[in-house]
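Geometric and topological summary
Spelled out from the first residue to the last, the chains are:
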Amino acid sequence: MDKTEMAKVERYLRQTFANASIRVVGRPKKTDSAEVYIGDEFVGVLFLDDEDGDRSYNFTMAILDTDLED
């Protein structure tokens with residue numbers, strides 16, 4: 001995933017979730033994925049799926065049970 005693709009996905013996520021603080025950042029030594037942050041907090045990983053010429057992006061976010069506590 002190159003910087004142009006990351007910028008496009010970042011714009012999409014910002015518009016979709018109405019949150020300008022979302023950032024998509026490349027991962028060291030990885031070309032098939034990027035990290036997603038809201039502000040300085042890591043929230044998930046974005047994976048590139050380029051199977052059979054159909055390009056898509058999969059966002060994975062783990063939610064810990066401790067995150068749900070009040």
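In what follows, the structure referred to is the one given above.
Model, not experiment: these values are computed from the prediction.

Let's shift gears to unusual backbone geometry. Phi is positive for alanine 18, which is not a glycine, with a value near 50°. Its location among the elements puts alanine 18 in the loop between α1 (3-16) and β1 (22-26). For alanine 18, a relative accessible area of 72% gives the class exposed. In the Ramachandran plot, lysine 29 falls in the positive-phi region, its phi being about 65° despite a non-glycine side chain. Considering the arrangement of structural elements, one finds lysine 29 in the loop between β1 and β2 (33-38).

Within soluble globular proteins, side chains that are nonpolar generally end up buried alongside one another. One finds Met1, Met6, Val9, Leu13, Ile22, Val24, Ala34, Val36, Val43, Leu46 and Leu48 forming the largest nonpolar core, which totals 11 residues. Of all elements in the fold, only α1, β1, β2 and β3 (41-49) reach the threshold of two or more residues within this core.

The rules behind the values
Residues numbered from 1 in each chain as written. Predicted model: local features only at pLDDT ≥ 70, side-chain atom pairs only at ≥ 80, totals over all residues. Heavy atoms only, no water. Helix = DSSP H or I, 4+ residues; strand = E, 2+ residues; numbered from the N terminus. Buried < 20%, exposed > 50% of the residue type's maximum accessible area, 1.4 Å probe, protein only. Core = buried A, V, L, I, M, F, W, Y, C linked by side-chain atoms within 4.5 Å.

Remember, this is a structural readout, not a statement about activity or role.
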